[in-house]
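Structure assessment
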Amino acid sequence: FFRNVQVRWMPIRGTNNLTFALERPGAGRDPATDDIEDLLSGRNIRERYPYPDLSASYKYDADWGYLRAGAKLRQIEWEDDTPNVADDLSGDVTGWGINLSANFKFGPNDSVLKVLVVHGEAIENYMNDAGGDIGIKTSGGFGEAEAIPVTGTVLFYDLYWSKRWSSTIGFSTVDKDLPSGTAPNALEKGRYALTNLQYHPTPALMVGAEVQYGRRENFDDGYDYDAVKVQFSARYNFSFGLGG
């Protein structure tokens, strides 16, 4: 229903910009325990988004990099249209989030340190691999749902050794505070890290090797898993045109 709309305002001082945006809403639910899923499977519950998601961000640019602060506000509702039931599972939550990020240029050849921290509730729809925005509690009845708190971090360093050699090293995390009715095998914590070495014999060609590490921790089934991956890659950029 809502189209993406963005209204941008940039003050006279060119190193600053302030952005407001109205965005198409959407959300998901984390899986629940088997008994709750059995109950929900027989109900006619429809999701509703009465308003577009609202976001705002402020960015300050400087010779040494930039600082950015952002915020998100959203409304998520659901209606229980199941006939002839005594309990009504309808409800709503308000999602919100704060995002702080920065780039700092330091080290050889304008190498860049990238930092990001985000925290909020019911904003997983805007994150990769974070799961659902809504979870279900077992206390007080099966129909009680709540916004899931989430915290994410990113820390990466792009190191330019020379004109032909570069590396990236860093890690990211995601941590969710899941409610009691969440399925035991749902993702609660994730960890990711990598480092690489890339060679650029020409501006158009890159070859390199990379080591990646990932970790998954589930909510309540005792499962966690560590994985290590080594990959080799090459990239060549080219372009051509047809016609006069």
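Since the model is a prediction, treat every value here as computed from it, not as a measurement.

1. Here's the deal with the overall build of the chain
The helix and strand inventory of the chain stands at 1 helix and 14 strands. The C-alpha atoms of the chain give 23 Å as radius of gyration, which overshoots the globular expectation for 244 residues (18 Å, by more than 25%). Overall, the C-alpha framework of the chain stretches about 70 × 50 × 45 Å when taken along its three principal axes. Looking at the chain as a whole, 35% of its 244 residues are labelled buried. Here the chain displays about 14,800 Å² of accessible surface, and carbon together with sulfur accounts for 56% of that area. Distance between charge centroids for the chain: 13 Å, based on 24 positive and 34 negative side chains.

2. A short note on the side chain of aspartate 158
Locating aspartate 158 in the fold gives a position in strand 10 (residues 149-160). Within the structure, aspartate 158 has its side chain in polar contact with the side chain of lysine 114 (distance 2.9 Å). Leaving out residues up to four positions away in the same chain, aspartate 158 has contacts with Ser111, Val112, Lys114, Ser167 and Thr168.

3. Looking at the pattern of salt bridges
One pass over the full model with this rule turns up 19 salt bridges. Between aspartate 80 and arginine 43 there is a salt bridge; the shortest N-O distance is 2.7 Å. Separated by 37 residues along the polypeptide, aspartate 80 in strand 5 (residues 65-80) and arginine 43 in the loop between helix 1 (34-41) and strand 3 (45-48) bring together distant segments of the chain. Here aspartate 80 falls in the buried class, since its relative accessible area comes to 10%. With a closest N to O distance of 2.5 Å, glutamate 77 and arginine 48 form a salt bridge. Residue glutamate 77 is located in strand 5, and its partner arginine 48 is located in strand 3; the two are separated by 29 residues in the primary sequence. Each of Arg46, Arg48, Glu77, Glu79 and Asp81 takes part in a single network of salt bridges with overlapping partners.

4. Topic: the environment of glycine 120
Mapped onto the secondary structure, glycine 120 falls in strand 7 (residues 112-121). Here the alpha-carbon distance between glycine 120 and asparagine 44, two residues 76 residues apart in the chain, equals 29 Å. The residues touching glycine 120, leaving out its near neighbours within four places in the chain, are Trp96, Gly97, Ile148, Pro149 and Val150.

5. Topic: the pairing of strand 7
The pairing of strand 6 (residues 91-105) with strand 7 spans 10 bridges and is classified as antiparallel. Within strand 7, the position partnered with tryptophan 96 by the bridge is glutamate 121.

6. Some details on the packing of aromatic side chains
Counted according to the given criterion, the structure contains 6 aromatic pairs. Aromatic pair tryptophan 64 and phenylalanine 104: ring centres 5.9 Å apart, planes at 20°, arrangement stacked. Of this pair, tryptophan 64 sits in the loop between strand 4 (53-62) and strand 5 while phenylalanine 104 sits in strand 6, and the two are 40 residues apart along the sequence. Using a relative accessible area of 37% as the deciding quantity, one classes tryptophan 64 as partly exposed. Residue phenylalanine 104 is classed as partly exposed on the basis of its relative accessible area, which comes to 31%. Residues tryptophan 165 and tyrosine 199 carry aromatic rings whose centres are separated by 4.7 Å and whose planes lie at 35° to one another, so their mutual orientation is tilted.

7. Some points on a nonpolar patch on the surface
A cluster of nonpolar side chains, contributed by Leu22, Leu54, Leu73, Trp96, Ile98 and Leu100, occupies part of the molecular surface with about 510 Å² of accessible area. Tallying contributions element by element places strand 6 first for the nonpolar patch, with 3 residues. For leucine 54, the location among the structural elements is in strand 4.

8. Describing the confidence of the model for the chain
Per-residue pLDDT for the chain has a mean of 89; in total, 91% of the residues score no lower than 70. Note that residues 1-5 has pLDDT below 50 and, in this model, 12 contacts with residues that lie over four places away or in other chains.

9. Quick word on the side chain of aspartate 53
Note on placement: aspartate 53 falls in strand 4. Within the local environment of aspartate 53, its side chain forms a polar contact with the side chain of arginine 74, the two groups lying 3.0 Å apart. Among all residues touching aspartate 53, those that are not within four sequence positions of it are Ala21, Leu22, Glu23, Arg24, Pro25, Gly26, Lys72, Leu73, Arg74 and Tyr126.

10. Side note on the pairing of strand 10
In terms of strand pairing, strand 7 meets strand 10 through 10 bridges, oriented antiparallel. Its bridge partner being in strand 10, valine 118 is matched across the sheet by glycine 152.

How each quantity is defined
Residues numbered from 1 in each chain as written. Predicted model: local features only at pLDDT ≥ 70, side-chain atom pairs only at ≥ 80, totals over all residues. Heavy atoms only, no water. Helix = DSSP H or I, 4+ residues; strand = E, 2+ residues; numbered from the N terminus. Rg over C-alpha atoms; globule rule 2.2 N^0.38 Å. Buried < 20%, exposed > 50% of the residue type's maximum accessible area, 1.4 Å probe, protein only. Areas by Shrake-Rupley, 256 points an atom, 1.4 Å probe, with all protein chains shown as cover. Lys, Arg positive; Asp, Glu negative; His and termini not counted. Charge placed at Lys NZ, Arg CZ, Asp CG, Glu CD. Polar contact = N/O pair within 3.5 Å; in protein donor to acceptor, adjacent residues only side chain to side chain. Contact = heavy atoms within 4.5 Å. Salt bridge = Lys/Arg side-chain N within 4 Å of Asp/Glu carboxyl O. Pairing = 2+ DSSP bridges. Phe/Tyr/Trp six-rings, centres within 6.5 Å; stacked < 30°, edge-to-face > 60°. Patch = residues over 30% accessible without salt bridge, like charges linked within 9 Å, V, L, I, M, F, W, Y side chains within 5 Å. pLDDT = per-residue confidence, 0-100.

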